[in-house]
Amino acid sequence: MDDEVVVRTRADGATELRVNGVFVMDDVETSSERVLAEHALDAGAREVLVGGLGLGFTARALLEADGGRRVERLVVAELHDAVLRAVREGAGAGPEVLDDPRSTVVVGDVLDVVATQPAASLDAVLLDVDNGPDFLVHDANAAVYDSTGVRACARALRPGGTLAVWSMADSETLRERLGEVLDDVRALAVPVDLQGRAEHYWVLTGHAR
Ligand SMILES: C[S@@+](CC[C@H](N)C(=O)[O-])C[C@H]1O[C@@H](n2cnc3c(N)ncnc32)[C@H](O)[C@@H]1O
């Protein structure tokens, strides 16, 4: 069955992305999406792969870093063409993210796109394709968080490169998997304001050996 992707403007004026009726994200609280990018930038990243596009805030933070001079190459993998079309039409970060000459946006599964990257060719792989390993919107995304998926991403990284994974919650299992192939594995708590409620989202991260 094809996924039903809806990008809509809510009554409160916010733009919201839903897949198969499940809330994926909106454009109200995007700090954790930007932290994902900033974490890689802090480690010096210049060539980065992001999966998925969503409303484009991680991608935009990368492209705008250091006045647009930092990131040299951005590959974005997005499963749904409908998401790309919505961003192209102005949703979220808008079409500049797609039109930037440094961006290559591929419609497809992030692991397929990672597999096309030469070994040790990227400074960072940033994964924000689902709500985290324990809250999947797409069952098939379990493969992204298992040992094979983590190893595939690590293979594409240069020594010292960053793998960072957005998650709704910390996951000891995912940290262990990252630790199989990466050094300096950490779970970073990102404070977020969810309609007046103070919560945390998480970025689980490590660096290639
Ligand atoms: C939470 S959003 C990403 C938010 C993004 N970081 C931002 O700044 O807006 C998740 C996106 O990943 C896409 N996605 C889901 N599974 C995927 C996969 N296996 N490969 C590539 N993209 C995927 C979804 O369609 C959705 O657009």
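Residues numbered from 1 in each chain as written. Predicted model: local features only at pLDDT ≥ 70, side-chain atom pairs only at ≥ 80, totals over all residues. Heavy atoms only, no water.

### Overview of the packing of aromatic side chains
Thinking step 1. Scanning all chains against the criterion turns up one aromatic pair.
Thinking step 2. The interplanar angle of 55° and the centroid separation of 4.8 Å between the aromatic rings of Trp166 and Tyr201 together place this pair among those described as tilted. Of the two residues, Trp166 sits in strand β8 (residues 157-167) while Tyr201 sits in strand β10 (residues 197-208), which places them 35 residues apart along the sequence. Taken individually, Trp166 and Tyr201 each receive the classification buried, so the pair is uniform in this respect. (Phe/Tyr/Trp six-rings, centres within 6.5 Å; stacked < 30°, edge-to-face > 60°. Helix = DSSP H or I, 4+ residues; strand = E, 2+ residues; numbered from the N terminus. Buried < 20%, exposed > 50% of the residue type's maximum accessible area, 1.4 Å probe, protein only.)

### Some points on helix α7 (residues 147-155)
Thinking step 1. Within α7, the full set of buried residues consists of Gly149, Val150, Cys153 and Ala154. For α7, the arc enclosing every buried residue in end-on projection is 135°, short of the 170-degree limit, so these residues lie on one face.
Thinking step 2. Buried residues along α7 sit against α5 (110-115), β7 (122-127), α6 (142-145), β8, α8 (172-181) and β9 (182-194).
Thinking step 3. Two to three positions downstream of the cap, the backbone nitrogen of Thr148 sits 3.0 Å from a side-chain oxygen, assigning the N-cap of α7 to Asp146. (Arc of directions from axis to C-beta. Contact = heavy atoms within 4.5 Å. Polar contact = N/O pair within 3.5 Å; in protein donor to acceptor, adjacent residues only side chain to side chain.)

### Side note on the packing of helix α1 (residues 31-42) against helix α2 (residues 57-68)
Thinking step 1. Where α1 meets α2, the axes come as close as 7 Å, and the angle between the chain directions of the two elements is 40°. It follows from the interaxial angle that α1 and α2 lie oblique. Relative to α2, α1 is oriented so that their crossing is right-handed. Residue-level inspection shows Glu33, Arg34, Leu36, Ala37 and Leu41 of α1 in contact with α2, the latter providing Phe57, Thr58, Ala61, Leu62 and Ala65.
Thinking step 2. The residue inventory of the contact of α1 with α2, partitioned by class, reads seven nonpolar, one polar and two charged. (Axes fitted to C-alpha atoms, helices over the stretch in contact; angles between N-to-C directions. Parallel < 35°, antiparallel > 145°, perpendicular 65-115°, else oblique. Left-handed = near helix turned anticlockwise from the far one by under 90°. Nonpolar A, V, L, I, M, F, W, Y, C, P; charged D, E, K, R; others polar.)

### Some thoughts on the side chain of His80
Thinking step 1. Within the secondary structure layout, His80 lies in the loop between β5 (73-78) and α3 (81-88).
Thinking step 2. When its relative accessible area of 11% is taken as the criterion, His80 is described as buried.

### As for the environment of Ala93
Thinking step 1. As for its placement among the helices and strands, Ala93 is situated in the loop between α3 and α4 (96-99).
Thinking step 2. Measuring from C-alpha to C-alpha, the distance between Ala93 and Leu53 comes to 9.9 Å, with 40 residues separating the pair along the chain.
Thinking step 3. Filtering out sequence-adjacent residues up to four positions away, Ala93 remains in contact with Leu55, Gly56, Phe57 and Arg60.

### Let's talk about the pairing of strand β4 (residues 47-51)
Thinking step 1. Of all five residues that make up β4, five are buried, and the element is covered over most of its length.
Thinking step 2. The alternating pattern of β4 places Glu47, Leu49 and Gly51 on one face and Val48 and Val50 on the opposite face, and all of these are buried.
Thinking step 3. In terms of strand pairing, β4 meets β5 through five bridges, oriented parallel. If you follow Glu47 over to β5, its bridge partner there is Arg73.
Thinking step 4. What joins β4 to β5 is α2, and the crossover it makes is right-handed.
Thinking step 5. Pairing geometry for β4 and β7, over four bridges, is parallel. Counted as the bridge partner of Val48 is Ala124 from β7. (Pairing = 2+ DSSP bridges. Right-handed = clockwise from strand over helix to strand, strands pointing away.)

### Focus on the nonpolar core
Thinking step 1. Residues Val48, Val50, Leu53, Leu62, Leu74 and Leu126 are the most contacted members of the largest nonpolar core, which totals 39 residues.
Thinking step 2. The leading source of residues in this core is α2, at six residues.
Thinking step 3. Apart from the residues lying within four places of it in its own chain, the contact partners of Leu62 are Ala37, Leu41, Val48, Val50, Val71, Leu74 and Leu126.
Thinking step 4. In this structure, Val125, Ala154, Ala156 and Leu157 belong to the second largest nonpolar core, which totals 25 residues. (Core = buried A, V, L, I, M, F, W, Y, C linked by side-chain atoms within 4.5 Å.)

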